[in-house]
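Report on the structure
If you want the building blocks of each chain, they are given just below.
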Amino acid sequence: MTELNQIYRCNVCGNIVEVVMAGNGELVCCGQPMELLVERQTDVGPEKHIPIVEKTENGVMVKVGEVPHPMEESHYIQLIEVIADGKVYRKTLKPGKDPSAEFELEENEIKDLKVREYCTIHGLWHG
């Protein structure tokens, strides 16, 4: 059984999907069940993964880690996502870029945010 906004990854090809309508079925890719990514929120290594949210004039800026996360070809933040007032806002990042993203949000959307990011090595994190 899936739940709204859960994120799954195929451990064969690397596909990542987010549930937009919950259901009773099992998500399968490349002939295997997809892995449910569990949101982590406690850093244990030298890299910092916890998303940090700063209010801006037009919404919020999300930065990954107190110390900027590496953005190398084989290890980088692939996406940053904000869930606000039932809407999902997502930015996809590339290696070599800054591990941050700005989201334009209405004032009422900023009150109850859920912010998460996906690291290609260390998985899904929220803050």
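Each remark here, short or long, concerns the structure printed above.
First things first, this report covers the structure right here in the doc. (Residues numbered from 1 in each chain as written. Predicted model: local features only at pLDDT ≥ 70, side-chain atom pairs only at ≥ 80, totals over all residues. Heavy atoms only, no water.)

**Digging into the sheet that holds strand β11 (residues 113-119)**
Read across the open sheet, the four strands follow the order β9-β8-β11-β12; overall the sheet is antiparallel. The outermost strands of the open sheet, each flanked by one partner alone, are β9 (87-92) and β12 (123-126). Direction aside, neighbouring strands of the sheet carry axes that sit 20° apart on average. In terms of strand pairing, strand β8 (residues 77-84) meets β11 through seven bridges, oriented antiparallel. Looking at the pairing, A84 lines up with L113 of β11. (Pairing = 2+ DSSP bridges. Helix = DSSP H or I, 4+ residues; strand = E, 2+ residues; numbered from the N terminus. Axes fitted to C-alpha atoms, helices over the stretch in contact; angles between N-to-C directions.)

**Quick notes on the packing of aromatic side chains**
Tallied over the entire structure, the rule returns zero aromatic pairs. A cation over a ring is seen here: K91 above F103, with NZ or CZ 5.2 Å from the ring centre. (Phe/Tyr/Trp six-rings, centres within 6.5 Å; stacked < 30°, edge-to-face > 60°. Lys NZ or Arg CZ within 6 Å of the ring centre and 35° of its normal.)

**Some remarks on the pattern of salt bridges**
In total, this model carries 10 salt bridges according to the counting rule given. Taking the shortest distance from any N to any O, the salt bridge between R116 and E18 comes out at 3.1 Å. Note that R116 is positioned in strand β11 and E18 in strand β2 (residues 16-18), a separation of 98 residues in sequence. Both residues of the pair, R116 and E18, count as buried. The salt bridge partner of K55 is E107, with a shortest N-O separation of 3.1 Å. Here K55 is found in strand β6 (residues 51-55), whereas its partner E107 is found in helix α1 (residues 107-110), with 52 residues between them in sequence. In this structure K55 comes out as exposed when scored by relative accessible area, which is 54%. Here the salt bridges do not stand alone but share partners, grouping E18, E39, E81, R90, K114 and R116 into one network. (Salt bridge = Lys/Arg side-chain N within 4 Å of Asp/Glu carboxyl O. Buried < 20%, exposed > 50% of the residue type's maximum accessible area, 1.4 Å probe, protein only.)

**Quick look at the sheet that holds β2**
One open sheet holds the three strands; their spatial order is β2-β1-β5, and the pairing between them is antiparallel. One side of each edge strand has no neighbouring strand; the edge strands of this open sheet are β2 and β5 (35-36). Taken together, the three bridges between strand β1 (residues 7-9) and β2 define a ladder with antiparallel strand orientation. Its bridge partner lying in β2, I7 is registered against E18.

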